[in-house]
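# Observations on the three-dimensional arrangement
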Amino acid sequence: MESPDARNVVQLDAFKPRLSLSVANAKITHGGFDGPGYDNCSGYGSRVASLGSDALSAYETLDPPPHYDFYTKTEVFGRQRRFRPSLYQLHNDPKDSSPPIYEETNAEPIRGEDSSEEDEEEQKEPPSEPTRFGWIHGVMIRCMLNIWGVILYLRLPWITAQAGIGLTWVIILLSSCITGITGLSTSAIATNGKVKKGGTYFLISRSLGPELGGSIGLIFAFANAVAVAMHTVGFAETVTELMYEHGAVMVDRINDIRIIGIITVTCLLGISLAGMSWESKVPISPSTADIFATNFVPGWRGPDGSFFGMFSIFFPSATGILAGANISGDLKNPAVAIPKGTLMAIFWTTISYLIISATIGACVVRDASGLLNDTLLSNSNCGDISCQYGWDFTEPFRSKPCTFRFQSIGLVSAFAPLITAGIFGATLSSALACLVSAPKVFECLCKDKLYPFIGIFGKGYGKNEEPLRGYLLTYVIAACFILIAELNTIAPIISNFFLCSYALINFSCFHASITNSPGWRPSFKFYSKWLSLLGAVICVVLMFLLTWWAALIAFGVVFLLLGYTVYKKPEVNWGSSVQASSYNRALSQCAGLNHVEDHVKNYRPQCLVLTGPPSSRPALVDLISCLTKDLSLMICGNVVTASPKASSERHVTWLNKRKVRSFYRGVVAAELRTGANMLLQGAGLGRIKPNVLLMGFKTNFSSDTPQAAHDYISILHDAFDLRYGVCLLRMKEGLDVSQSPQSHGERRISAAKMNLLLFSFLLITEKKINTQSKFLFSFQRLKDTGTVHLVHLLLKRYTEQPQRSTGFQKAQGKKTIDVYWLSDDGGLTLLLPYLLSRRKRWARCKVRVFVGGDADTREEVIALIKKFRLGFHDVEVLPDVYQSPQPERCVLIAHPGVLIIERQQEEPWRITEQDLERNRAKSLRQIRLNEVLKDYSREAALIVITMPVGMKGACPNTLYLAWLDFLSRDLRPPVLLVRGNQENVLTFYCQ
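Everything numeric here is computed off the predicted structure, so don't read it as measured data. (Residues numbered from 1 in each chain as written. Predicted model: local features only at pLDDT ≥ 70, side-chain atom pairs only at ≥ 80, totals over all residues. Heavy atoms only, no water.)

## Focus: the overall build of the chain
Spelled out, the test is: Each helix is a run of H or I in the DSSP string that is no shorter than four residues. Each strand is a run of E no shorter than two, and both are numbered from the N terminus. Classification of residues uses two cut-offs on accessible area relative to the type maximum, computed with a 1.4 Å probe and protein chains only: under 20% is buried, over 50% is exposed, and between them is partly exposed. Contacts are assigned to residue pairs with any non-hydrogen atoms lying within 4.5 Å of each other. Note on areas: these come from Shrake-Rupley sampling with a 1.4 Å probe, and a residue is covered only by the protein chains present in the view.
Helix and strand content of the chain: 32 helices and 12 strands. Burial status across the chain gives 49% buried among its 991 residues. The contacts of the chain with a sequence gap of at least 6 include a subset with a gap of at least 24, amounting to 79%. Taken as a whole, the chain presents about 48,900 Å² of accessible surface, with 58% of it coming from carbon and sulfur.

So, in structure tokens, the structure goes:
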């Protein structure tokens, strides 16, 4: 067997895209694709490998291998960002200049082949990089310093004396259990994507969404500000004790603490992070075991003597676990640093607290004055354990109030002054850590613009974007709480706020896990959604067990801020678990409806409204919105025929800004009827699908082509064939505002503005402008001068669709809704006015029902309406409805326009004389009804009338359209022609 000719072998290696997965080592070209021979192929910015051989064109490809740039949202200094080719660029022929049907979202922007010298000069120096911390210094040490704070030195000995060693361990382990579970949840959330500035607020808001994230962000920032006061008061309390020992008094104890606290927190604004150092020494003696056993059980003293009272005072010492997460924006690798540093800090500080409490409990008796003179035994009746070792701390000492002294740790330390230094270092460093954390959390919250009047505190200064205004706000809050000057009062307040924050963090992790969102992929796997839920429940329970009124205040603030955010609906989209949960619930409920049979009692008019672009027929949108809002389904359908491009985003934006609860569905079709049929059969999901078609009346049918009129009526027949109810809205001034003179004027104005905007936009995106002198403006210079922001605002403003007001947006006052129930269609003609009358805008309108017949007919209709419980009491009979119309109007039948000519088989819209004669009675009836409407409903707010049905094959479509025109012509009020599908939508049975 002969080997193939080497000249005929295709060398595919020559066409291999040369894209590296490494960002740092990739060779970057302006086109975004590496490799020799890549050039600009079409006007869409795509690149193809052009090696000069037509025979190899089958192997040319735009498909690049995976790359970091395709997924990142940020630019890398020194090179241009690559862009993944869109499906349109890959799928369509480059020679085809037609635009894509739907807007592209990831297409590569068009760039010039040559780079500007000005750009090269501006890119010579990289931007300054802020200081970043690793997991040890940035997270673990910061958390440990915050945990080893004021409570350790000033309250742990007192808590051990009150609760005993055993319950103190329980308090420590319970606190560590809560912080440990929260640390696991925080680690999971922090490793589920890139973490930026904002710390705890950023984690919760991007997980649970802005509603809960914003409220807890404010609470957490406030709690950190109050924590500054707690640590500062602890420092001031220590200094005051030292001053009293040496006889130095300024005013009194409380005011001295306030003065020292205010001076200290003021100095902290300019002090860097301080450290702490201490050692412990256990004095071994025979008394140790006995004292340990005695102090192991609780000995409650005073009003605060209870387990939960001690827990509320101790728990703030464990709240430093988020000190590292709060500076997430300053960490080198937050996804690694936060889990490792936080969990290590929790472990080591828990061990240290257990050892220190056991040491103090084994070496110091519960009732001791700290004075050497009290060691002389003078009371022979002493029965306390201290008496067994020559100490006398009996009744005279026990009658004194228990004070909070820090000498206990000094007594068991190797060098007591180190403890004093440790207190200073721990309190100041913890206060400073909280003073740094609170503004950074608040800065991120301010930049998200969720709440009004706080944006001024989000401005950053310097290369690290330090929120100086946030520091001042934190200082003011801390100073206010320092004036309380009571550590035992401040600590429980902080406990509730931090427990509330921890509950939300744990719930965030649980909620993100339970929604089964594909986007929830944390790299930290050592967590459990059920453990996170347990942690959230424990936090909430403890909040109410500690201080129920503070818990109510905390949750009240959360729900107040939650309600505000839900009401305002901020324009942010973070892919939160709340969004994923909403999808799950909606999908589950839709699937559940498949097991529910339809029942007339649950009938709702679910409307498919052929609006075209919704902004072009706002009156139609507003009226149907009144019928369906908070009640049933509304879909605005748009059949795109003139342009091969369909866009939904701007139409949905217009509906949202108009506060219309409606879906939008656009389809591309060759003609209106085909597209409408697609919507009729494909709109909806499961049982949540339209059952009523609504359209605007075709007022221009006499000037339009006969085929257009035929197709229009064919849509109604298609709807009837699919068992839809049909409604047509006609207004004297018309529905389509896109063709109004005002609209054309706005278009001319917008065109001039858009030319300027487009020019500016091309400059911003650095696209080449084909003029005689080719030039390229600098993006960096435009950005520095604020032009980018300005042009983006202008583009947003002038490309938005206008919000025109309509009569249906206003209160209708004391007018009438006139219902002409002339044929029984199942009750839809009555149901729609009833639903309108329940709306606030229409509530003052009186509903009048008109029927044809005699006096007996009126009583029958009244009885029937009463059984339907519609509340319509005004029923009038029209005995003259069957009379002939005025003679001069009968000419409309003889000469209805260009439509009346001989029928041809290939032109089904044509009307013959036989068609006119066969349908003469029905035609005269429509003319007569029009006269009745003018007589009875001249001042009505709305006319609702049963729409006649033209039989297919017997009544030409164009004649049927003429009937509808005769019926609704020249009426001042809006006319809604309604026809149900002849199935009951009303019932007077209870089952």
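Here the narrative resumes.
## Things to note about the environment of Lys 440
Note that Lys 440 resides in helix α14 (residues 416-448). The class of Lys 440 is buried, set by a relative accessible area of 7%. Each C-alpha atom of the pair Lys 440 and Ala 221 lies 8.4 Å from the other, and the pair is 219 residues apart in sequence. Leave out the neighbours within four places in its chain, and Lys 440 touches Gly 198, Asn 326, Ile 327, Asp 330, Glu 466, Pro 467 and Tyr 471.

## A short note on a positive patch on the surface
Basically, it comes down to this: Without a salt bridge and with relative accessible area above 30%, a residue can belong to a patch; like charges are then joined within 9 Å and nonpolar side chains (Val, Leu, Ile, Met, Phe, Trp, Tyr) within 5 Å. Between Lys or Arg on one side and Asp or Glu on the other, a salt bridge is scored when a side-chain nitrogen of the former is within 4 Å of a carboxyl oxygen of the latter. Counting rule applied: Lys, Arg positive; Asp, Glu negative; His and chain ends not counted. To locate a charge, the coordinates of NZ of Lys, CZ of Arg, CG of Asp or CD of Glu are taken.
Where like charges cluster on the molecular surface, the positive patch consists of Lys 568, Lys 569, Lys 629, Lys 659 and Arg 841. Tracing the chain through its elements places Lys 568 in helix α18 (residues 548-568). With relative accessibility at 48%, the residue Lys 568 sits in the partly exposed group.

## Notes on the pairing of strand β10 (residues 874-878)
Remark: a regular strand shows side chains that alternate across the two faces of the sheet. Counted only if it meets this: Strand pairing is assigned whenever DSSP identifies at least 2 bridges connecting the two strands. Handedness is read with the strands pointing away from the viewer; a crossover is right-handed when the path from the first strand over the helix to the second is clockwise.
Burial analysis of β10 places 4 of its 5 residues in the buried class, which makes it a mostly covered element. Where strand β9 (residues 846-852) and β10 come together, 5 bridges link them in parallel fashion. Among the inter-strand pairings, Val 851 is bridged to a residue of β10, identified as Val 877. Between the parallel elements β9 and β10, the chain passes through helix α28 (residues 855-868) in a crossover that is right-handed.

## Some points on the packing of aromatic side chains
The condition that has to hold: Aromatic rings from Phe, Tyr and Trp, with only the six-membered ring used for Trp, were paired whenever their centres fell within 6.5 Å, and each pair was classed as stacked if the ring planes differed by under 30 degrees, edge-to-face if by over 60, and tilted otherwise. Should the NZ of a Lys or the CZ of an Arg lie within 6 Å of a ring centre and within 35 degrees of the ring normal, that charge is described as sitting over the ring.
In this structure the tally under the stated criterion is 24 aromatic pairs. When the centroid spacing of 5.8 Å and the interplanar angle of 70° are considered together, the rings of Phe 524 and Phe 526 count as edge-to-face. Given the relative accessible area of 67%, Phe 526 is considered exposed. Put simply, the rings of Phe 220, Phe 311, Phe 315, Phe 498 and Tyr 502 touch in pairs and so form one group of aromatic residues. Across from the ring centre of Phe 988, 5.3 Å away, lies the NZ or CZ of Lys 867, which sits over that ring.

## Looking at the environment of Lys 934
For Lys 934, the location among the structural elements is in helix α31 (residues 920-936). Between the C-alpha atoms of Lys 934 and Pro 973, which are 39 residues apart in sequence, the distance is 9.7 Å.

## What about the pairing of strand β7 (residues 725-730)?
In terms of residue burial, β7 counts as a mostly covered element, since 6 of its 6 residues are buried. Relative to β7, strand β6 (residues 692-696) is paired through 5 bridges, and the arrangement is parallel. Considered in β7, the bridge of Met 695 is made with Leu 728. With helix α23 (residues 706-721) bridging β6 and the parallel β7, this β-α-β connection has right-handed handedness. Alignment of β7 against strand β12 (residues 975-979), held across 5 bridges, turns out to be antiparallel.

## Re the pattern of salt bridges
This structure, assessed with the given rule, holds 18 salt bridges. A salt bridge links Glu 237 to Arg 253; its shortest N-O distance comes to 3.9 Å. One end of the pair, Glu 237, is in helix α7 (residues 210-245); the other, Arg 253, is in helix α8 (residues 253-268), with 16 residues separating them in the sequence. For Glu 237, a relative accessible area of 4% puts it in the buried group. Look at Arg 253 and you get partly exposed, because its relative accessible area is 29%. Notably, a salt bridge pairs Glu 983 with Arg 723, separated by 2.5 Å at the nearest N-O pair. Here Arg 723 lies in the loop between α23 and β7 and Glu 983 lies in the segment after β12, a separation of 260 residues in the sequence. What you see here is one network of salt bridges that share partners, running through Glu 237, Glu 241 and Arg 253.

## Comments concerning a nonpolar patch on the surface
Taken together, Phe 544, Trp 548, Trp 549, Leu 552, Ile 553 and Val 557 make up a surface patch of nonpolar side chains, about 600 Å² in accessible area. A total of 5 residues in the nonpolar patch trace back to one element, the largest contributor, which is α18. Along the chain, Trp 549 falls in helix α18. Looking at Trp 549, the relative accessible area reads 46%, which means it is partly exposed.

## Here we look at the environment of Ile 484
By secondary structure assignment, the location of Ile 484 is in the loop between α15 (468-482) and α16 (487-514). Excluding residues that lie within four positions of it along the chain, Ile 484 makes contacts with Arg 258, Thr 489 and Ile 490.

## A few points about α31
An α-helix turns once every 3.6 residues. As a result, residues three or four positions apart point the same way. Quick reminder of the rule: What a helix is expected to span follows from its residue count: subtract one and scale by 1.5 Å.
Look at α31: 25 Å from first C-alpha to last across 17 residues, which is about the 24 Å you get at 1.5 Å a residue. Among all positions of α31, only Ser 923, Leu 924, Gln 926, Ile 927, Arg 928, Leu 929, Asn 930, Glu 931, Val 932 and Leu 933 are buried.

## Structural notes on the packing of α31 against helix α32 (residues 957-968)
Quick reminder of the rule: With axes taken as lines fitted to C-alpha atoms, and helix axes fitted only over the stretch in contact, angles between N-to-C directions fall between 0 and 180 degrees. Small angles under 35 degrees read as roughly parallel and large ones over 145 as roughly antiparallel, with 65 to 115 read as roughly perpendicular and the rest as oblique. The nonpolar class holds Ala, Val, Leu, Ile, Met, Phe, Trp, Tyr, Cys and Pro. Asp, Glu, Lys and Arg form the charged class, and all remaining residues, Gly among them, are polar.
Where α31 meets α32, the closest approach of the two axes is 7 Å, and the angle between their N-to-C directions is 20°. Judged by the angle between their axes, α31 and α32 are roughly parallel. Taking contact as the criterion, the partners of Lys 922, Ser 923, Gln 926, Ile 927, Leu 929, Asn 930 and Leu 933 in α31 are, on α32, Leu 959, Trp 963, Phe 966, Leu 967 and Ser 968. Here the contact of α31 with α32 is built from residues that sort into 7 nonpolar, 4 polar and 1 charged.

## Comments concerning the nonpolar core
Here is the rule we go by: Side-chain atoms within 4.5 Å link the members of a nonpolar core, which is a set of buried Ala, Val, Leu, Ile, Met, Phe, Trp, Tyr and Cys residues.
Counting residues in each nonpolar core, the largest one holds 113 residues, and the members touching the most others are Ile 178, Phe 314, Tyr 353, Phe 498, Leu 499 and Tyr 502. No other element matches the 16 residues that α7 contributes to this core. Apart from the residues lying within four places of it in its own chain, the contact partners of Phe 498 are Phe 220, Ala 223, Asn 224, Ala 227, Phe 315 and Thr 319. One finds Met 731, Leu 836, Val 875 and Val 877 within the second-largest nonpolar core, a separate group that totals 50 residues.

## A closer look at the packing of helix α5 (residues 156-190) against α16
For any two helices packed against each other, the geometry comes down to the angle between their axes and how far apart the axes lie. Which entries qualify depends on this criterion: Each crossing gets its handedness from the near helix: less than a right angle anticlockwise from the far helix is left-handed, clockwise is right-handed.
Orientation of α5 relative to α16, taken along the N-to-C sense of each, is 35°, at an axis distance of 9 Å. For the element pair α5 and α16, the recorded crossing hand is left-handed. Packed against α5, whose contacting residues are Trp 158, Ile 178, Thr 179, Ile 181, Thr 182, Ser 185, Thr 186, Ala 188 and Ile 189, the element α16 presents Asn 488, Leu 499, Tyr 502, Ile 505, Asn 506, Ser 508 and Cys 509 at the interface.

## Here we look at the sheet that holds strand β11 (residues 942-946)
Judged by pairing direction, the sheet is mixed, and its 10 strands sit side by side in the order β5-β4-β3-β6-β7-β12-β11-β8-β9-β10 without closing on themselves. Two strands in the sheet have a free side with no partner beyond their single neighbour: β5 (663-668) and β10. Across the sheet, the mean angle separating the axes of adjacent strands is 20° when strand polarity is ignored. When strand β8 (residues 816-820) meets β11, the two strands line up parallel, connected through 4 bridges.

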